[in-house]
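# Results of the structural survey
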Amino acid sequence: MTHPYLSLENVGMDFTVAGRTFHAVTDVNLAIERGQYVSIIGHSGCGKSTLLNIVAGLTRASKGGVILDGQEVNSPGPDRAVVFQNHSLLPWLTAYQNVRLAVDKVFGATKSAAERHDWTLHNLRLVHMDHAVDKRPDELSGGMKQRVGIARALSMEPKVLLMDEPFGALDALTRAHLQDTVMEIQTRLNSTIIMITHDVDEAVLLSDRIVMMTNGPSATIGEVLEVDLPRPRRRLDLSDDARYVAYRAAVLRFLYERHAKPEAA
Ligand SMILES: Nc1ncnc2c1ncn2[C@@H]1O[C@H](COP(=O)(O)OP(=O)(O)OP(=O)(O)O)[C@@H](O)[C@H]1O
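What you are looking at is a predicted structure, and each value in this text was computed from that prediction instead of being measured.

Before going further, it helps to spend a moment on the site of the ligand. Around the ligand, a shell composed of 13 residues is seen, among which Ser44, Gly45, Lys48, Ser49 and Thr50 lie nearest. Here Gly45 contributes a backbone N or O atom positioned 2.9 Å from an oxygen atom of the ligand. The contact in question runs from an oxygen atom of the ligand to an N or O atom on the backbone of Ser49, over 2.8 Å. Of all elements in the fold, only strand 1 (6-17), strand 2 (20-32) and helix 1 (48-56) reach the threshold of two or more residues within the shell around the ligand.

With 17 residues, helix 8 (residues 242-258) should cover 24 Å at 1.5 Å per step; its first-to-last C-alpha distance of 22 Å lies within 8% of that length. Looking at helix 8, one finds that the buried residues are Tyr244, Tyr247, Ala250, Val251, Phe254 and Leu255. Contact partners of the buried residues in helix 8: strand 3 (37-41), helix 6 (200-206), strand 9 (209-213), strand 10 (221-226) and helix 7 (235-238). Regarding helix 8, its N-cap is Asp241, as a side-chain oxygen of that residue lies 2.8 Å from the backbone nitrogen of Arg243 further along.

Once that is clear, we can look at helix 2 (residues 95-107). The first and last C-alpha atoms of helix 2 sit 18 Å apart over 13 residues, in line with the 18 Å expected at 1.5 Å per residue. Against helix 3 (113-126) and helix 4 (142-155) lie the buried residues of helix 2.

With respect to the helices and strands, Thr50 occurs in helix 1. Overall, Thr50 belongs to the buried group, its relative accessible area being 15%. Residues in contact with Thr50, not counting those within four places in the same chain, are Met13, Phe15 and Val25.

With an omega dihedral of -5°, the bond running from Gly216 to Pro217 counts as a cis peptide bond. Relative to the helices and strands, Pro217 resides in the loop between strand 9 and strand 10. Residue Pro232 follows Arg231 across a cis peptide bond; omega there is 0°. Looking at the element boundaries, Pro232 is found in the loop between strand 10 and helix 7. The backbone of Ala18 shows a phi angle near 50°, a positive value even though the residue is not glycine. Within the fold, Ala18 resides in the loop between strand 1 and strand 2. Using a relative accessible area of 78% as the deciding quantity, one classes Ala18 as exposed. Backbone geometry places Glu157, a non-glycine residue, at a positive phi of 50°.

On to the packing of aromatic side chains. Within the structure shown, the criterion is met by one aromatic pair. Summarising the aromatic geometry, the rings of Phe107 and Trp119 are spaced 6.4 Å apart at their centres and angled 85° between planes, so their arrangement reads as edge-to-face. One end of the pair, Phe107, is in helix 2; the other, Trp119, is in helix 3, with 12 residues separating them in the sequence. For the pair Phe107 and Trp119, a shared accessibility class is recorded, and that class is buried. The ring of Phe107 is capped by Lys111, whose NZ or CZ atom sits 4.8 Å from the centre of that ring. The positively charged end of Lys111 is found above the aromatic ring belonging to Trp119, 5.1 Å away from the centroid.

Let's shift gears to the domain arrangement of the chain. It is common to report an interface's size as the accessible area lost on association of the parts. Each domain of the chain was delimited in the assignment, giving domain 1 (6-79 + 158-260) and domain 2 (92-153). Between domain 1 and domain 2, the C-alpha centre-to-centre distance is 26 Å. At the junction of the two partners, domain 1 supplies 14 residues and domain 2 supplies 11 residues. Both faces considered, domain 1 and domain 2 share a buried interface measuring about 1000 Å² in area, 72% of it formed by carbon and sulfur atoms. Ranking the residues of domain 1 by area buried against domain 2 places Leu178, Thr181 and Ile185 at the top, with a combined share of 34%.

Another aspect to go through is the pattern of salt bridges. Within this structure, the stated rule accounts for 14 salt bridges. In this structure, the salt-bridge partner of Arg234 is Asp237, at a minimum N-O distance of 3.0 Å. Arg243 is paired through a salt bridge with Asp241; the nearest N and O atoms lie 3.0 Å apart. On the basis of relative accessible area, Arg243 is assigned to the partly exposed category, the value being 41%. For Asp241, a relative accessible area of 16% gives the class buried. Among the ionic contacts, a cluster of salt bridges with common partners joins Arg100, Asp104 and Arg116.

About the criteria used
- Residues numbered from 1 in each chain as written.
- Predicted model: local features only at pLDDT ≥ 70, side-chain atom pairs only at ≥ 80, totals over all residues.
- Heavy atoms only, no water.
- Near = heavy atom within 4 Å.
- Polar contact = N/O pair within 3.5 Å; in protein donor to acceptor, adjacent residues only side chain to side chain.
- Helix = DSSP H or I, 4+ residues; strand = E, 2+ residues; numbered from the N terminus.
- Expected span 1.5 Å × (residues − 1).
- Buried < 20%, exposed > 50% of the residue type's maximum accessible area, 1.4 Å probe, protein only.
- Contact = heavy atoms within 4.5 Å.
- Phe/Tyr/Trp six-rings, centres within 6.5 Å; stacked < 30°, edge-to-face > 60°.
- Lys NZ or Arg CZ within 6 Å of the ring centre and 35° of its normal.
- Domains from an automatic or database assignment.
- Buried area = accessible area lost by both parts, 1.4 Å probe.
- Salt bridge = Lys/Arg side-chain N within 4 Å of Asp/Glu carboxyl O.

Listed below in structure tokens is the structure:
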């Protein structure tokens, strides 16, 4: 029997606040194959970040567990790199030094200094940031900082790249450019990616599968939509593609008809 590359098995998360236990997430089962781009979408507070943090090993599930490439996840590790909405670069280091720090940590014992230098530049090139390697975060735009954060994550050669609303703080044009870069990288490296998003178009454009979450408490996976659109995908070609429009409508119906937030219903 073959096992999926990454699996979430009966994952549940309870939080106890002021002596009262709250079931945030229950019975989450999800199998992800290598090279898949999976988005998680759902209304605010349904437990998306909680699930991502459990896969990252930053939070321990109250029930169930996560298996990645045959190993149970129980602590953070470089095989699961995380990119957050707001960059988490060290402000006193340049773009190069921020990536190099991660490269040294992961490959200090296995690659020579010259190889680590080349690998750092290679990853900055992948995100089209090789022109600004000596700039510090305060000299970079929001989109550029996210690019460096993605380079840093990729430089660790993670088995899975976890992204929590990676484009959420960016303006529409910068967001579109960065989405294109991530699609290009994913095609090139065959990366396995889990991304949280609130943006229906972003989910359809980027994903192979869209995991739609029901509202909490006891939030769980409501439906999984397989997005069968050929790659490479170009946003302009897709905007009036009938399949794209149908996928988009399916996600919107889930979010705003079947699982509308009570206050919005
Ligand atoms: N450390 C914690 N202690 C108590 N409750 C928590 C904790 N972390 C999350 N929660 C609760 O668990 C639920 C899920 O939170 P989570 O942040 O995972 O949702 P989300 O879907 O990522 O939300 P958003 O889209 O707004 O970021 C929420 O009701 C939240 O208040």
